[in-house]
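Geometric and topological summary
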Amino acid sequence: MPAHPAGVLHAVPAPVWLPHPEDVNALMQSLWARNVAKADDGVLTVAGHRITDLVDEFGSPAFVLDVDDLRSRAREFVTEFSRAFDRVGTTARAYYAGKAFLCTAVARWVADEGMGLDTCSLGELMVAQRAGLDPAVVGLHGNNKSDEEIAFALDWGIGRIVVDSLDEIPRVAAAAAARGTTARVMLRVTVGVEAHTHDFIATAHEDQKFGLSLQSGAAREAADRIVAAPELEFLGLHSHIGSQIFDKAGFEAAAGRVVGLRAEIERAHGITLPEIDLGGGFGIRYTSQDTPIAFADMADQLADVVAKACADAGSSLPVVSFEPGRAIVGPAMFTVYRVGTVKPVDTGAGIRTYVSVDGGMSDNVRTALYDADYSCTLANRGSEAPPVVVRVVGKHCESGDIVVRDEYLPTDVTPGDLVAVPDTGAYCRPLASNYNHLPRPGVLAVEAERVGWAVRPETYTDLFATDPAFAGTTAADTDAH
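Described below are features of the structure shown in this document. A quick note: this is a predicted structure, and the numbers were derived from the prediction, not measured. (Residues numbered from 1 in each chain as written. Predicted model: local features only at pLDDT ≥ 70, side-chain atom pairs only at ≥ 80, totals over all residues. Heavy atoms only, no water.)

1. Section: the packing of helix α5 (residues 147–156) against helix α6 (residues 168–178)
One can describe the packing of α5 onto α6 by two numbers: an axis separation of 10 Å at closest approach and a directional angle of 50°. Relative to α6, the element α5 lies oblique. Both α5 and α6 take part in a crossing whose hand is right-handed. From α5, Asp147, Ile150 and Leu154 reach across to α6, where they touch Arg171, Val172, Ala175 and Ala176. (Axes fitted to C-alpha atoms, helices over the stretch in contact; angles between N-to-C directions. Helix = DSSP H or I, 4+ residues; strand = E, 2+ residues; numbered from the N terminus. Parallel < 35°, antiparallel > 145°, perpendicular 65-115°, else oblique. Left-handed = near helix turned anticlockwise from the far one by under 90°. Contact = heavy atoms within 4.5 Å.)

2. Remarks on unusual backbone geometry
Note on backbone geometry: most residues besides glycine have negative phi, and most peptide bonds are trans. Geometrically, the link from Ser60 to Pro61 is a cis peptide bond, its omega value of -5° lying close to zero. On the secondary structure map, Pro61 appears in the loop between α1 (51–58) and β4 (62–66). With phi around 60°, Asp371 is a residue other than glycine that occupies positive phi space. The residue Asp371 is located in the loop between α11 (366–370) and β16 (377–378) in this model. Overall, the relative accessible area of 52% leaves Asp371 in the exposed class. The phi dihedral of Tyr427 falls on the positive side, at around 70°, and the residue is not glycine. Counting through the fold element by element, Tyr427 comes out in the loop between β19 (418–422) and β20 (443–446). (Buried < 20%, exposed > 50% of the residue type's maximum accessible area, 1.4 Å probe, protein only.)

3. Thoughts on the packing of aromatic side chains
Within this structure, the stated rule accounts for 13 aromatic pairs. Residues Phe77 and Phe295 carry aromatic rings whose centres are separated by 5.2 Å and whose planes lie at 80° to one another, so their mutual orientation is edge-to-face. Linking Phe77 in helix α2 (residues 67–88) with Phe295 in helix α9 (residues 295–313), this pair joins segments that are 218 residues apart in sequence. Take Phe77 and Phe295: they sit in the same class, and that class is buried. Aromatic side chains Phe81 and Phe85 sit 6.4 Å apart centroid to centroid with 15° between the ring planes, which places their arrangement in the stacked category. Taken together, the residues Phe81 and Phe85, both in helix α2 and four residues apart, mark about one turn of the helix. The class for Phe81 is buried, based on a relative accessible area of 2%. (Phe/Tyr/Trp six-rings, centres within 6.5 Å; stacked < 30°, edge-to-face > 60°.)

4. Side note on the pattern of salt bridges
Under the counting rule described, the total for this entry stands at 32 salt bridges. The partner of Glu113 in a salt bridge is Arg71, and the shortest N-O contact between them spans 2.9 Å. Of this pair, Glu113 sits in the loop between α3 (104–112) and β6 (116–119) while Arg71 sits in helix α2, placing them 42 residues apart in sequence. Residue classification places Glu113 among the buried residues on the basis of a relative accessible area of 12%. Salt-bridge contacts for Glu458 lead to Arg440; the nearest nitrogen and oxygen are separated by 2.7 Å. Taken together, the positions of Glu458 in the loop between β21 (451–455) and α12 (460–465) and Arg440 in the loop between β19 and β20 put the pair 18 residues apart, joining distant regions of the chain. (Salt bridge = Lys/Arg side-chain N within 4 Å of Asp/Glu carboxyl O.)

5. Regarding the pairing of strand β17 (residues 387–393)
Most of β17 is tucked away: seven of the seven residues are buried. One ladder, built from four bridges, connects strand β15 (residues 351–357) with β17; its direction is parallel. In the strand pairing of β17, Tyr354 is matched with Arg391. Across six bridges, the pairing between β17 and strand β18 (residues 402–410) is antiparallel. Its bridge partner being in β18, Val389 is matched across the sheet by Tyr408. (Pairing = 2+ DSSP bridges.)

What follows is the structure, encoded as structure tokens:
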């Protein structure tokens, strides 16, 4: 499509944080997986594979996973946090947060790199078991665990169940007693620290569903009940303050409060709690406005924070565990779409160019749900056309069906082009839906020597497998009885 006759100068202006590109074809490399690049002709490549060839063979939309990038991030996290906490005299452990994105292959890959797995449902536990993980390195979260989930966890022998309510304590204890075993538990504490993030992903303030409040005394009461239950082995305390966190301040406050409560419980009961868990939430760079901290720097900062908190409380250093998810898988994956329509719209304040693609909120609801920002690039060719701010939108019957709110693309973007959106590895495929009866896209795992589905795309046959075309009794039949 040619440039709009009104011209680029009459386009809706870019947000203040969005830099004008010197070259609209160039990648901002910090937003992309390490093996993603642009070929000389402008085609996006991943591990040497051209995205045009991948789409021709596997279709679109598709999530594209750089396997080496995922594994490298997991390995780097384990290495740097182990180094930093060894420096202060204790051990760090990492549990991959499966809720970010989980499939059998990913569970195996992160385990190969030294990570345990954090799960929060029966389905996620089943993935871990199917992947052949050692149950000792698997944990179970959840604010409303079912009896079936607790039973599966105990029967398989997982390493820890993170208790989230007073109601849950006797249920886990009874399930353990019925099996003649001991349940290894941690207590999730709401420490009253709010991460500077969206309200729906900040999880340590008082008015929300997770954990037991330190301020109200519920956390101390729960600890007392756990200690009193012979069927429970009290491992320690757990805290998670939110997601997309870019500084240590929240962790510092949370660690101080968790360590203080730990010392209080140990003194009251004459026991030692061997572990604390400070959760995850490490931020990644979705756009140029995000400023994540390198794993090595964050590890050093948090090791010093925990060491100081323990010294201040006069308590021993515990094993410290973390639960990164987004920081491992988020940057390792991008989504590729095919453009269907390009529509210039006069907003009254200028021309906004709407670029519609063959997916949308059914494969990435985060823009609508969290007001999230993303970037994108033209993926199938280079362009000499000047850049213009566009809005990339999906094909669903919702005006809020936005994938990328504001980004520069060439003015000659046209139907049939491919657009790629980086940093879609976390919470996109897991939150995907069949809205408007669209099948969910697959996850294409790409390595230099091989390409294949880590999660295959759904088909319409899959979609209708759950629709039996019910032909039971009618309302009239019911009334007759």
